[in-house]
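What follows is the residue order along each chain.
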Amino acid sequence: MATPLTESTPYKLRKNGETISPWHDIPLFVDSEKEIVNMVVEIPRATNPKMELSKDEQHNPIGQDVSKGKPRMISDVAPFKGYPCNYGALPQTWECPDIEDSKTGIPGDDDPLDVCEIGDGVAYCGEVKRVKPLGAFAVLDEGETDWKVLVIDVKDPLASKISDIQDVEASLPGYLDSLKTWYRVYKVSDGKLENDIALEGKVEDKRFAFDLIRRCHVEWEKSRKGYPG
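The name given to the protein chain in an unreviewed UniProt entry is inorganic diphosphatase, with the source organism recorded as Aspergillus novoparasiticus. What UniProt records for the protein chain under Sequence similarities (unreviewed entry) is the sentence "Belongs to the PPase family." What UniProt states about the protein chain under its Cofactor (unreviewed entry) heading is, verbatim, "Mg(2+)".

*Asks:* Please clarify how the overall build of the protein chain should be interpreted in this entry.
*Replies:* Broken down by element type, the protein chain carries three helices and 13 strands. In terms of C-alpha radius of gyration, the protein chain reaches 16 Å, essentially the compact-globule figure of 17 Å for 229 residues. Structurally, the protein chain occupies a C-alpha span of about 45 × 40 × 40 Å along its principal axes. In the protein chain, buried positions account for 52% of the 229 residues. Here the analysis covers contacts within the protein chain between residues at least 6 apart in sequence; of these, 69% occur between residues at least 24 apart.

*Asks:* I tried to follow helix 3 (residues 206-224) on my own but got confused; where do I start?
*Replies:* It helps to recall that an α-helix has 3.6 residues per turn; residues three or four apart then point in one direction. Under the 1.5 Å per step criterion, the end-to-end length of helix 3 is 27 Å for 19 residues, consistent within 8% with the ideal 27 Å. Listed as buried for helix 3 are Phe208, Ala209, Phe210, Leu212, Ile213, Cys216, His217, Glu219 and Trp220. Sitting at the amino-terminal end of helix 3 is Asp205, which places a side-chain oxygen 3.3 Å from the backbone nitrogen of Arg207.

*Asks:* Would you take a moment to explain the packing of aromatic side chains for this structure?
*Replies:* Working definition: an aromatic ring pair is given by the centre-to-centre distance plus the angle between the planes. Applying the stated criterion across every chain, the model contains nine aromatic pairs. Ring geometry for Trp182 against Tyr183: centres 5.0 Å apart, planes inclined by 85°, an arrangement best described as edge-to-face. Members of the aromatic cluster, connected to one another through ring pairs, are Tyr83, Tyr87, Phe137, Trp182, Tyr183 and Tyr186.

*Asks:* In this structure, what is going on with the nonpolar core? I would like to understand it.
*Replies:* Burial of nonpolar side chains together is a common tendency in soluble globular proteins. One finds Tyr83, Phe137, Leu150, Trp182 and Tyr183 to be the most contacted residues of the largest nonpolar core, which totals 41 residues. Elements represented by at least two residues in this core include exactly strand 4 (36-43), strand 5 (51-53), strand 9 (86-89), strand 11 (128-141), strand 12 (144-153), helix 1 (165-171) and helix 2 (175-185). Of the residues forming this core, the biggest block, six residues, is contributed by helix 2. Once residues within four sequence positions are removed from consideration, Tyr183 is found in contact with Tyr83, Cys85, Tyr87, Cys116, Phe137, Val139, Lys148, Asn195 and Ile197. Of all hydrophobic cores here, the second largest spans 21 residues; its members include Val37, Val149, Phe208 and Phe210.

*Asks:* What is the right way to read the pattern of salt bridges from this model?
*Replies:* Pairs can form between side chains of opposite charge once their charged atoms are near each other. For the structure shown, the criterion picks out 17 salt bridges. A salt bridge links Lys148 to Asp114, with the nearest nitrogen and oxygen atoms 2.7 Å apart. With Lys148 in strand 12 and Asp114 in strand 10 (residues 114-117), the pair connects residues that are 34 residues apart, well separated along the chain. By the burial criterion, Lys148 is buried, and Asp114 matches it. The salt bridge partner of Lys129 is Asp153, with a shortest N-O separation of 2.6 Å. Linking Lys129 in strand 11 with Asp153 in strand 12, this pair joins segments that are 24 residues apart in sequence. In terms of burial, Lys129 and Asp153 fall into one category: buried. Residues joined in a network through salt bridges with shared partners are Glu35, Lys206 and Arg207.

Cut-offs used in this document
- Residues numbered from 1 in each chain as written.
- Predicted model: local features only at pLDDT ≥ 70, side-chain atom pairs only at ≥ 80, totals over all residues.
- Heavy atoms only, no water.
- UniProt positions renumbered as here; feature names shortened; annotations may be inferred.
- Helix = DSSP H or I, 4+ residues; strand = E, 2+ residues; numbered from the N terminus.
- Rg over C-alpha atoms; globule rule 2.2 N^0.38 Å.
- Buried < 20%, exposed > 50% of the residue type's maximum accessible area, 1.4 Å probe, protein only.
- Contact = heavy atoms within 4.5 Å.
- Expected span 1.5 Å × (residues − 1).
- Polar contact = N/O pair within 3.5 Å; in protein donor to acceptor, adjacent residues only side chain to side chain.
- Phe/Tyr/Trp six-rings, centres within 6.5 Å; stacked < 30°, edge-to-face > 60°.
- Core = buried A, V, L, I, M, F, W, Y, C linked by side-chain atoms within 4.5 Å.
- Salt bridge = Lys/Arg side-chain N within 4 Å of Asp/Glu carboxyl O.

Encoded structure:
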């Protein structure tokens, strides 16, 4: 469905020769009973260009964010080079900005759910991966709730060993703490304040993550039908 993308060229996903939206036209659920979903990769692990889908352009192409007239780059934050995971969005989800989040009490960020794929492989921008949710934690970013859903590619060598959030620490010691630290400080080099990790840094489990995904899918469906919120 997709081919590798250079950060200088906005990329439109195509299927059967037709341009499609990575947000609206790719199904969220691959197998709801087995709790497997699709993710759209925006930023490959260990890269620095800040790539993201455009909510306001037709077909929501993926391109490099621009800040102060320049293509945005993310600084390295030890122990990581660039992004600490394969980062992207869950299609057909939406964190509604008009509803207070049930956990944080702060409304959502008006974006699709962010997703962090923690497997060993390096994805490419525009890739659609089949992943299983493991957990989630909430970042408070400029007064908005911004959940980060942790997932692993179903084809990753560790996928058979990691089924819930408690398995991550056993297989990847220290990774979760490093990931939360990264999300707390990565904007400081841009002259911004540190983010807060909500709920005293708690990482919710797989059941919460999948329920969150379902709720945000419902909000996406409402928004597409023109319902308020």
